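So you can see what is in the structure, the chains are spelled out below.
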Amino acid sequence: MDAVTTAKPRQSWRGLWNISFGFFGIQIAFGLQNANVSRIFQSLGSDVGSLALLWIAGPVTGLLVQPIIGHFSDRTWGRFGRRRPYFLAGATLAALALIGMPNAGVLLAAALMLWMLDASINVSMEPFRAFVGDMVAPSQRTAGYAFQTAFIGAGAVIGSLAPFAMAKLGVSNVAAAGGIPDSVRYSFYLGAVAIFGAVLWTVLTTCEYPPEQMAAFGDAADDHRAGLVAGGLPTVLIRAGIALLVLGVALIAAIYHWSLERDLYVLGGILSGAGTLMLIAAAMIRGGQDNALVQIMSDLVRMPGQMWRLALAQFFSWLALFILWIYTTPVVAQYVFHSTDTAAKAYNDGADWVGVLFSVYNGVAALAAFVLPLFARRIGTARTHMVCLLIGAASFASLLVIRDPQMLLLPMVGIGLTWASILTMPYVILASVLPPRKFGIYMGIFNFFIVLPQLVVATVMGAIIRAFFPGEPIWTMAVAAGVMVLAAAAMLLVTETPAA
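Conventions used here
- Residues numbered from 1 in each chain as written.
- Predicted model: local features only at pLDDT ≥ 70, side-chain atom pairs only at ≥ 80, totals over all residues.
- Heavy atoms only, no water.
- Patch = residues over 30% accessible without salt bridge, like charges linked within 9 Å, V, L, I, M, F, W, Y side chains within 5 Å.
- Areas by Shrake-Rupley, 256 points an atom, 1.4 Å probe, with all protein chains shown as cover.
- Salt bridge = Lys/Arg side-chain N within 4 Å of Asp/Glu carboxyl O.
- Helix = DSSP H or I, 4+ residues; strand = E, 2+ residues; numbered from the N terminus.
- Buried < 20%, exposed > 50% of the residue type's maximum accessible area, 1.4 Å probe, protein only.
- Core = buried A, V, L, I, M, F, W, Y, C linked by side-chain atoms within 4.5 Å.
- Contact = heavy atoms within 4.5 Å.
- Axes fitted to C-alpha atoms, helices over the stretch in contact; angles between N-to-C directions.
- Parallel < 35°, antiparallel > 145°, perpendicular 65-115°, else oblique.
- Left-handed = near helix turned anticlockwise from the far one by under 90°.
- Nonpolar A, V, L, I, M, F, W, Y, C, P; charged D, E, K, R; others polar.
- Polar contact = N/O pair within 3.5 Å; in protein donor to acceptor, adjacent residues only side chain to side chain.
- Expected span 1.5 Å × (residues − 1).
- Bend = angle between axes of the 7 residues up to and from the residue.
- pLDDT = per-residue confidence, 0-100.
- Phe/Tyr/Trp six-rings, centres within 6.5 Å; stacked < 30°, edge-to-face > 60°.

Trainee: Explain a nonpolar patch on the surface to me, please; I cannot follow it from the model alone.
Mentor: Side chains of Val371, Leu374, Phe375, Ile379, Val387 and Ile391 sit close together on the surface and give an oily, nonpolar patch of about 490 Å² of accessible area. Only helix 15 (372-379) and helix 16 (381-398) provide two or more residues apiece to the nonpolar patch. Looking at the nonpolar patch element by element, the count peaks at three residues for helix 15. Looking at the secondary structure, you find Val387 in helix 16.

Rendered as C-alpha cells:
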C-alpha cells in the first residue's frame, strides 16, 4: 500500500524572502569577483592572453565541490538542519577570501584567493538551489526561483557598482603599478560583510523540515543501494569511462605532439580523470561497495533525458557569460577608454564603467525575474528561454561596434533579460522532472554545465586570443554571440514545460 503524502504548506512572501535572502550576499561577492578579478590580475602583472588561465582554479574546484556538496546536503541532518550548515560554512570562507584577495600583493596569491573564493561561493550557492525545492510547494517553485533571481540581480548590482560608487565618494580608484586601488579594496571588504550577514539572515530566519516531515511530503532521503546493479549500470559506467579516458589521453597526446597551448592540458586531465573515476565506480559496484563516489557517478549517468537536453543549452549559454565576465574589462578599457595601462586613470575609469555596465544588466535581471514568468505562461518556459538567449546573442554582437560608454548600456539591458532567464527558466523546467529526494545531487550535477564552460573558456579562449587575434580581445564578444545562438538552438530539443 502506498504511503500517504501530505502537501507542503504555502510560503508567505516573507517566507520566500527569507529562504532566498542569502543569495543577495552571495551575489554581492560574485558580482565583485566577476567585475574586478580581471582588473586585479592585470594590475598585478597579467597580460590579457593569460587572464582566462588564471581563472581556472575556480571551475576545477567547482567540478569537485558541486556534486559532493549536493550529495551530502541531501543526506545531512543535524542540530542546524540540512542545507543551512553548508550555507554558513561557505559564506564564512568566502568572506575571508574577499578580505584576502585585494591584499594578495602578487599574482599567484591572488589566483589562490580566487580559488578559495570560488570554491566557498559554490559551497554556499549550490544548496540554495535545492533549498527552494525543499521549502516550497511545487506550485510556488516559479515564485521561489524568481525571488532567488531578483536577489541575485540586486546583489550583483551592488557588487558590480561598489568600486564606481567608492570612487564617486572620493576614494581613490588608481594605484601605483602593481597595486590595487582603494576603491576596489574597500569594496571587497564590504562584500565580506554582506555575504556573511545575508547568509546568516537566512540561517536564523528559516526552519528546515525534519526528515520525518520530508518523508510525509514524499521527499524522504533516497535509498540509493536499490538498483545500483540493475539496468546494467556498471556497464554504462564502463563504456562512458573508457570513452572519456580515451578522449582525454588523445587530447593530451595531441597537445604534446603538435606543441599546442599548455592550457589545454588541464582539459585533457579533467576528461581523463572523470573517465577514471567512472571506471573505479563501476568496479566498486560490482564489488558490492556503495559510497559517495558510486552514488555521484551513478546519478550522473542516470540523469533524466530532459536534464541532458537542457544541460546542452546551459553549457553554451554559460560559455558566453564567462567570456563576458573575463574579457569585458580589457575590451571596454582598450576600445572605449583607449587604454591598456593598468596604472593609468583612463584604464581605471574604464574598469569602473564595467562595474556600472554589470550593475545595469543585473538590475534589469532583478526586475525581469518577475516579468518573465508571465511570458512563460503564454508561450512556455522553453520558448521564453530561447527568445531571451537570442536577445543575448544580439546584445553580445553589438559590443563589437559600440564605442560610446553611454551606448554600452543598451546591450546590457538585453544581457540582463538573458541573465534573468538563465537564472530562472532552466530551474523551473528541471523542478518538473527531478525526483525531490535528489534535488541536491542533481542541482550539483547540473552545475557541471556551468563549471565546464568556465573550464573551456579558461583553457581554450586564451589560446584562441594568442593564435588568432593577439592584442585584440574585442573578438571574444563575437565568440560569445555565436555560442549564445547555439544555446538558443539547443532549446529546440527541450520538451515544453508549462509554467507554474
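Trainee: It is not clear to me how the pattern of salt bridges should be interpreted in this structure. Could you clarify?
Mentor: Opposite charge on two side chains permits them to pair, given that their charged atoms come into close proximity. Applying the stated criterion across every chain yields a total of eight salt bridges. The partner of Arg82 in a salt bridge is Asp74, and the shortest N-O contact between them spans 3.9 Å. Assigned by exposure class, Arg82 and Asp74 land together as buried. Notably, a salt bridge pairs Arg83 with Asp74, separated by 3.1 Å at the nearest N-O pair. Per residue, the accessibility class of Arg83 equals that of Asp74, and both read buried. What you see here is one network of salt bridges that share partners, running through Asp74, Arg82, Arg83 and Asp134.

Trainee: Help me understand the nonpolar core in this model?
Mentor: Nonpolar side chains tend to gather and get buried jointly when the protein is soluble and globular. In this structure, Phe41, Ile195, Leu237, Trp325, Phe396 and Trp419 are the most contacted members of the largest nonpolar core, which totals 146 residues. A total of 19 residues in this core trace back to one element, the largest contributor, which is helix 13 (residues 305-335). Apart from residues lying up to four places away in sequence, Phe396 is in contact with Ala320, Leu324, Ile415, Met477, Ala480, Ala481 and Met484.

Trainee: How should I be thinking about the packing of helix 15 against helix 17 (residues 409-431) in this particular structure?
Mentor: Their axes nearest at 11 Å, the elements helix 15 and helix 17 cross at an angle of 70°. On the basis of their axis angle, the class for helix 15 and helix 17 is roughly perpendicular. Once helix 15 is placed against helix 17, the crossing between them reads as right-handed. Between helix 15 and helix 17, the residues in contact are Leu372, Pro373 and Ala376 and Leu417, Ala420, Ser421 and Met425, respectively. For the contact of helix 15 with helix 17, the class distribution of residues is six nonpolar, one polar and no charged.

Trainee: What is the right way to read the environment of Thr149 from this model?
Mentor: Examined against the element boundaries, Thr149 turns out to sit in helix 7 (residues 141-168). Overall, Thr149 belongs to the buried group, its relative accessible area being 0%. Residues Thr149 and Ile422, spaced 273 residues apart in sequence, show a C-alpha to C-alpha distance of 9.2 Å. When neighbours within four sequence positions are excluded, Thr149 is seen to be in contact with Ala365, Ala366, Ala369, Ala420, Leu423 and Thr424. In terms of polar contacts, Thr149 uses its side chain to reach the side chain of Thr424, at 2.6 Å.

Trainee: Even after reading the chapter, I still don't get the packing of helix 14 (residues 345-368) against helix 17, so can you show me in this structure?
Mentor: For any two helices packed against each other, one specifies the crossing angle of their axes together with the interaxial distance. Viewed as axis vectors pointing N to C, helix 14 and helix 17 meet at an angle of 45°, and their least axial separation amounts to 7 Å. By the criterion of interaxial angle, the relationship of helix 14 to helix 17 is oblique. Handedness of the helix 14/helix 17 crossing: right-handed. Packed against helix 14, whose contacting residues are Trp353, Leu357, Val360, Tyr361, Asn362, Val364, Ala365 and Ala368, the element helix 17 presents Leu409, Met412, Val413, Ile415, Gly416, Leu417, Trp419 and Ala420 at the interface. Of the residues contributing to the contact of helix 14 with helix 17, the split by class is 14 nonpolar, two polar and no charged.

Trainee: Honestly, the environment of Ala29 in this entry has me stumped. Any pointers?
Mentor: On the secondary structure map, Ala29 appears in helix 2 (residues 22-43). Judged by its relative accessible area of 0%, Ala29 is buried. Linking Ala29 and Ile158, residues 129 residues apart in sequence, is a C-alpha distance of 9.3 Å.

Trainee: Explain helix 17 here, please?
Mentor: Structurally, the α-helix is built with 3.6 residues per turn, so residues lying three or four positions apart point the same way. The end-to-end C-alpha distance of helix 17, which contains 23 residues, comes to 34 Å, matching closely the 33 Å that a straight helix rising 1.5 Å per residue would cover. At Ile422, helix 17 is deflected by roughly 30°, the largest bend along its length, and proline Pro426 occurs up to four residues later in sequence.

Trainee: Would you explain the confidence of the model for the protein chain in this entry?
Mentor: Here the protein chain averages 87 in pLDDT, while 94% of its residues score no lower than 70. In the model of the protein chain, helix 3 (residues 51-54) stands out as the element of lowest mean pLDDT, 69, in contrast to helix 20 (residues 476-490), which has the highest, 97. Overall, residues 223-227 carries pLDDT values under 50, and its contacts beyond four positions in sequence, including any with other chains, amount to ten contacts.

Trainee: How should the packing of aromatic side chains be read in this particular structure?
Mentor: In this description, a pair of aromatic rings is defined by centroid distance and the angle of the planes. Enumeration over the complete set of coordinates arrives at 27 aromatic pairs. Residues Phe30 and Trp325 carry aromatic rings whose centres are separated by 5.6 Å and whose planes lie at 75° to one another, so their mutual orientation is edge-to-face. Here the residue Phe30 occupies a position in helix 2, and Trp325 occupies one in helix 13, the gap between them amounting to 295 residues. The class for Trp325 is buried, based on a relative accessible area of 1%. Arranged with centres 6.2 Å apart and planes meeting at 45°, the rings of Tyr186 and Tyr189 form a pair that is tilted. With a gap of three residues between them, Tyr186 and Tyr189 both fall in helix 8 (residues 182-205), about one helical turn apart. Relative accessible area serves as the criterion here: at 38%, Tyr186 is assigned to the partly exposed category. A network of ring pairs unites the aromatic residues Trp13, Trp17, Phe21, Phe24, Phe147, Phe151, Trp201 and Phe370 as a single cluster.

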